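Listed here are the chains, written in short residue letters.
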Amino acid sequence: MWQAIALSFGLAMDATAVSAARGLGTRDTKDQLVLPLVFGGFQSGMAALGWVAGAWAGKYIARYDHWVAFGLLAIIGGRMIYEAIRGGDDDEVEPGSFALYIGLGIATSIDAAAAGITLPLVPVAPWLSLVLIGAITAACSAVGYRIGRAVGHKLGSSLEILGGVVLIGIGINMLIQAA
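Residues numbered from 1 in each chain as written. Predicted model: local features only at pLDDT ≥ 70, side-chain atom pairs only at ≥ 80, totals over all residues. Heavy atoms only, no water.

A closer look at the layout of surface pockets
Our working definition: A cavity here means a set of 1 Å grid points, computed over protein atoms only, where a 1.4 Å probe fits but cannot escape. A pocket is an open set with protein on both sides within 12 Å along at least 5 of 7 lines, and lining residues have an atom within 4 Å of a point. Grid points are joined across faces, edges and corners, and a volume is the space filled by probe spheres set on the points. A run of DSSP states H or I qualifies as a helix once it reaches four residues; a run of E qualifies as a strand once it reaches two. Both are numbered from the N-terminal end. Under the grouping applied here, Gly and all other residues not named as nonpolar or charged are polar, the nonpolar ones being Ala, Val, Leu, Ile, Met, Phe, Trp, Tyr, Cys and Pro and the charged ones Asp, Glu, Lys and Arg.
Computed from the structure, the second largest pocket encloses a volume of approximately 170 Å³. Taken together, D14, D65, H66, A69, I110, D111, N173, M174, Q177 and A178 make up the full set of residues lining the second largest pocket. Taken together, the elements giving at least two residues each to the lining of the second largest pocket come down to α2 (29–86), α3 (98–116) and α5 (160–178). Top element by residues in the lining of the second largest pocket is α5. It accounts for four residues. Residue composition of the lining of the second largest pocket, by class: four nonpolar, three polar and three charged.

Written out as structure tokens, the structure reads:
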């Protein structure tokens, strides 16, 4: 059971960091609810896809997962930086859109598909691992968002640049780990 919990926390960290980065410069309360649901759902769903696809998909996922995640995070992070530098009336992160949520969900959960292949090796039922992955990711994302939002309100909404840098940094870290 502890292995499934540890796997769940490990997979949740990217989503937690992205939630915190998103919380830095936004006052959109919709993000507070939507991000944990999207991230928990995508992490669990992608792990389920990895589990079902098995070893056949593993070699294809592992070959490109870090590049896809890096690209999505770099685009979203770059856009956050651009919007912060460009400025605006209220200088806060643009409210989340369907496309943004889907992009963030995919970017943060690609590694879960690869991890899903290993679910039969975890000493609990794979369905229980999937539930833990989704629930722990959602909870960590909610906490990360609240922390980011609290810090953002205290230090000002110009921290959107920091949020963008964090997203790009996560993507670069994925590339380095894959090398």
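That was the structure; now back to the text.
Observations regarding the nonpolar core
As a rule of thumb, nonpolar side chains are buried together in soluble globular proteins. As a reminder of what qualifies: For the purposes of this section, nonpolar cores are sets of buried Ala, Val, Leu, Ile, Met, Phe, Trp, Tyr and Cys residues that join through side-chain atoms within 4.5 Å. In this scheme, a residue with accessible area under 20% of its type's maximum is buried, one over 50% is exposed, and one in between is partly exposed, where area comes from a 1.4 Å probe on protein chains only. In this analysis, two residues are considered to be in contact whenever any of their non-hydrogen atoms come within 4.5 Å of each other.
Judged by nonpolar contacts, the single largest core of 36 residues is most densely connected at L7, V18, F39, L73, L104 and L167. Secondary-structure elements contributing two or more residues to this core are α1 (2–24), α2, α3, α4 (126–155) and α5. For this core, the element with the highest residue contribution is α2, accounting for nine residues. Excluding residues that lie within four positions of it along the chain, L73 makes contacts with V18, G78, A107, L167, I168, I170, G171 and M174.

A look at the pattern of salt bridges
Here is the rule we go by: Any Lys or Arg side-chain nitrogen located within 4 Å of an Asp or Glu carboxyl oxygen qualifies as a salt bridge.
Taken as a whole and judged by the stated rule, the model has one salt bridge. D31 is paired through a salt bridge with R22; the nearest N and O atoms lie 2.7 Å apart. On the accessibility criterion, D31 (0% relative accessible area) is buried. For R22, a relative accessible area of 5% puts it in the buried group.

With respect to the packing of α1 against α3
So the rule is basically this: Note on definitions: angles span 0 to 180 degrees between N-to-C directions of axes, and those axes are lines fitted to C-alpha atoms, for helices only across the stretch in contact. When an angle is under 35 degrees it counts as roughly parallel; over 145 it counts as roughly antiparallel; between 65 and 115 it counts as roughly perpendicular; any other value is oblique. By definition, any crossing whose near helix is turned counterclockwise from its far helix by less than a right angle is left-handed, and any crossing with a clockwise turn is right-handed.
Packing of α1 against α3 brings their axes to within 10 Å, and their N-to-C directions diverge by 160°. In terms of orientation, α1 lies roughly antiparallel with respect to α3. Of the two possible hands of crossing, α1 and α3 adopt the one that is right-handed. Residues L7, L11, D14, A15, V18 and R22 of α1 form the contact with α3, whose participating residues are L100, L104, T108, D111, A112 and A115. Residues belonging to the contact of α1 with α3 are distributed by class as follows: eight nonpolar, one polar and three charged.

As for the environment of A142
Within the secondary structure, A142 is located in helix α4. The exposure class of A142 is partly exposed, given its relative accessible area of 26%. Placed 108 residues apart in sequence, A142 and V34 show a C-alpha to C-alpha distance of 9.3 Å.

So, the side chain of T137
Residue placement: T137 occurs in helix α4. The residues contacting T137, other than those within four sequence positions of it, are S8, A12, A15, F39, G40, Q43 and L132.

Focus: the confidence of the model for the protein chain
Atom-level detail of predicted coordinates should not be read off regions where pLDDT is low. Just so we agree on the cut-off: By definition, pLDDT measures how confident the predictor is in each residue, and it falls between 0 and 100.
For the protein chain, per-residue confidence averages 80 on the pLDDT scale, and 83% of positions sit at 70 or higher. α4 holds the highest mean pLDDT among the elements of the protein chain, 89, whereas α5 holds the lowest, 77.

Re α1
The α-helix advances 3.6 residues per turn, and as a result positions three or four apart in sequence lie on the same side. Quick note on the threshold: The span you would expect from a helix comes to 1.5 Å times its residue count less one. A residue's bend is given by the angle between axes fitted to the 7 residues ending at it and the 7 residues starting at it.
The first and last C-alpha atoms of α1 sit 32 Å apart over 23 residues, in line with the 33 Å expected at 1.5 Å per residue. If you look at α1, its biggest bend is around 35°, right at M13.

A short note on a nonpolar patch on the surface
Quick reminder of the rule: For patch detection, residues must exceed 30% relative accessible area and be free of salt bridges, and they are connected within 9 Å for like charges or within 5 Å for nonpolar side chains (Val, Leu, Ile, Met, Phe, Trp, Tyr). Residue-level accessible areas treat just the shown protein chains as cover; the underlying method is Shrake-Rupley with a 1.4 Å probe.
There is a patch of nonpolar side chains on the surface, built from I85, I161 and V165 and spanning about 270 Å² of accessible area. With respect to the helices and strands, I85 occurs in helix α2.

A word on the environment of V131
Mapped onto the secondary structure, V131 falls in helix α4. Residue classification places V131 among the partly exposed positions, given a relative accessible area of 47%. When the C-alpha positions of V131 and S8 are compared, they lie 9.3 Å apart, and in sequence the two are 123 residues distant.

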